[in-house]
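In case you want the letters, here they are:
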Amino acid sequence: MSTGQTWTVGVTGATGYAGGEVCRLLAGHPHLRLAGVHANSSAGRRLGELQPHLLPFADLEVRPSAPEDLSGYDVVVLALPHGESAAIAAQLSQDTLVIDCGADHRLEDPAAWARWYGGEHAGAWPYGLPELPGQREKLAGARRIAVPGCYPTSVTLAMAPALAAGLVEPDVVVVAASGTSGAGKAAKPHLLGSEVMGSVSAYGVGGGHRHTPEMAQTLGAAAGGPVKVSFTPTLVPMSRGILATCSAPLKAGTDAAEARDAYAQAYADEAFVHLLPEGQWPTTAQVLGANTVAVQVAVDPDAGRLVVVAAVDNLTKGTAGGAIQSANIALGLPETAGLPLVGVAP
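Computed from a prediction, not measured in an experiment: that's the story for all the values here.

(A) The side chain of H31, seen in detail. Inspection of the secondary structure puts H31 in the loop between helix 1 (17-26) and strand 2 (32-38). Here Q5 takes part through its backbone oxygen, which lies 3.1 Å from a polar atom of the side chain of H31.

(B) The arrangement of unusual backbone geometry in detail. Of note, the bond from A345 into P346 is cis; its omega dihedral lies within 30 degrees of zero at 0°. Tracing the sequence through the fold places P346 in the segment after helix 10 (316-330).

(C) Region of the structure containing the packing of helix 6 (residues 150-164) against helix 9 (residues 256-266). Their axes nearest at 9 Å, the elements helix 6 and helix 9 cross at an angle of 115°. The pairing of helix 6 with helix 9 is recorded here as roughly perpendicular in orientation. Here helix 6 and helix 9 pass one another in a crossing that is right-handed. Contact with helix 6, carried on its side by L157, A158, M159, P161 and A162, involves A262, Y263 and A266 of helix 9 and no other residues of that element.

(D) Representation of the pattern of salt bridges within the structure. Taken as a whole and judged by the stated rule, the model has 11 salt bridges. A salt bridge links D59 to R46, with the nearest nitrogen and oxygen atoms 3.0 Å apart. You can see D59 sitting in the loop between helix 2 (47-50) and strand 3 (62-63) and its partner R46 sitting in the loop between strand 2 and helix 2, a full 13 residues away along the chain. Take D59: its relative accessible area is 65%, and that puts it in the exposed class. Across the salt bridge formed by E270 and R136, the nearest N and O atoms sit 2.6 Å from each other. Separated by 134 residues along the polypeptide, E270 in the loop between helix 9 and strand 11 (273-275) and R136 in helix 5 (residues 135-139) bring together distant segments of the chain. Shared partners join several salt bridges into a network, and the residues in it are E21, R24, R240 and D313.

(E) Geometry of the pairing of strand 9 (residues 228-235). Here eight bridges tie strand 7 (residues 171-178) to strand 9, and the two strands are oriented parallel to one another. The partner of V175 across the bridge, within strand 9, is T232. Of the pairings in the sheet, the one linking strand 8 (residues 201-202) to strand 9 comprises two bridges and is antiparallel in character. Within the sheet, the bridge partner assigned to S201 lies in strand 9 and is L235.

(F) Spotlight on the UniProt feature "active site" (unreviewed entry) in the protein. Listed under "active site" (unreviewed entry) in the UniProt record, and renumbered for this structure, are C150. Topologically, C150 is positioned in helix 6. Not counting residues within four places of it along the chain, the set of residues in contact with C150 comprises H211, I242, N314, G318 and T319.

(G) Geometry of helix 6. The end-to-end C-alpha separation of helix 6 is 21 Å, in line with the 21 Å expected for 15 residues at 1.5 Å each. Most pronounced at T156, the bend in helix 6 amounts to some 35°. Where helix 6 terminates, the next one or two residues include G166, which has phi positive at roughly 70°.

(H) Just the environment of V172, in detail. Position of V172 relative to the elements: it lies in strand 7. Taking the C-alpha atoms as reference points, V172 and F231, separated by 59 residues in sequence, lie 8.3 Å from one another.

(I) Highlighting the domain arrangement of the protein. Annotation of the protein at the domain level lists domain 1 (7-147 + 319-331) and domain 2 (151-312). Averaged C-alpha coordinates put domain 1 and domain 2 at centres separated by 24 Å. With 22 residues of domain 1 at the interface, the matching set in domain 2 holds 24 residues. Together, the buried faces of domain 1 and domain 2 total about 1,900 Å²; carbon and sulfur atoms form 55% of this surface. When the buried area of domain 1 at its contact with domain 2 is split by residue, Y17, W116 and E131 rank highest and sum to 33% of it. If you look at where domain 1 meets domain 2, you find three salt bridges. Our enumeration of links across domain 1 and domain 2 arrives at nine residue pairs in polar contact (both at pLDDT 80 or more). Elements with a contribution of two residues or more to the side of domain 1 that touches domain 2: helix 1 and helix 10. Looking at the side of domain 1 that touches domain 2 residue by residue, the class counts come to eight nonpolar, seven polar and seven charged.

Cut-offs applied
Residues numbered from 1 in each chain as written. Predicted model: local features only at pLDDT ≥ 70, side-chain atom pairs only at ≥ 80, totals over all residues. Heavy atoms only, no water. Helix = DSSP H or I, 4+ residues; strand = E, 2+ residues; numbered from the N terminus. Polar contact = N/O pair within 3.5 Å; in protein donor to acceptor, adjacent residues only side chain to side chain. Axes fitted to C-alpha atoms, helices over the stretch in contact; angles between N-to-C directions. Parallel < 35°, antiparallel > 145°, perpendicular 65-115°, else oblique. Left-handed = near helix turned anticlockwise from the far one by under 90°. Contact = heavy atoms within 4.5 Å. Salt bridge = Lys/Arg side-chain N within 4 Å of Asp/Glu carboxyl O. Buried < 20%, exposed > 50% of the residue type's maximum accessible area, 1.4 Å probe, protein only. Pairing = 2+ DSSP bridges. UniProt positions renumbered as here; feature names shortened; annotations may be inferred. Expected span 1.5 Å × (residues − 1). Bend = angle between axes of the 7 residues up to and from the residue. Domains from an automatic or database assignment. Buried area = accessible area lost by both parts, 1.4 Å probe. Nonpolar A, V, L, I, M, F, W, Y, C, P; charged D, E, K, R; others polar.

Structure representation (structure tokens):
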């Protein structure tokens, strides 16, 4: 690869939260150049009207999202609602690197797709979570990539090392708090400031959240067999971030030192996953705007459970940053290119 080489990128859904975050990260990328932005509902308007923080791209005109409008780019990022990516992707050149930030190509089981999303299964693509064992090899040179969901990113990175090392039973309980941006930019009454401020609420309780089968899929891959996942998401009054608290029954003989060592080994060489020093617990503030995941692990001896807490910015590492990280690998670029390691504080 020539150090001066650049690839053009088109982003559809660029006026939403995830698409806007992709554009933000591209502004600082040395090899990927944002060449076009697309959104059917806003076609003909300036991006600066809709995403005023994206100053370098303010004068780009938003174009429609039809396949013919997306042709000609080296890389196309689809930041569209679930169920809308597959039809567009099927009409794009096989030489184009297509990265789907939606759910259309994440699930491997057609029956799971039909149950949770409905309609015809479009097939699974290489999964854009490079930290999973063996995943980088699948992403290298790929021309189709499915970006994980934001909750599965945090939960998978929290529990995969313990399951892979056989430290816990394959029965995971997750309670995760998310900011409101995870629900997208479309106006929804329950996301009004007056509804959210000063209130925390649960939703998708009792196995009702669409990310549950994706978590079971990724954790099952790590464990080498089926994993049960009980997932309760909660909505908290912040704009972005996820704090996932995950636990599972310890297998006999597992102690705190063994558990911590498994995580230290799993993430020793990972640029974006940080096992915090003992006694320091993850916060969403520390990963705000960064492509990083903060992780801490503990053993509850009385309950006989491993407890792992992970913090992630749902829009960065949880979506857009994962897309850029995967694109870097697919194109043979340094994996960290264009991706912030440092969060924003306060």
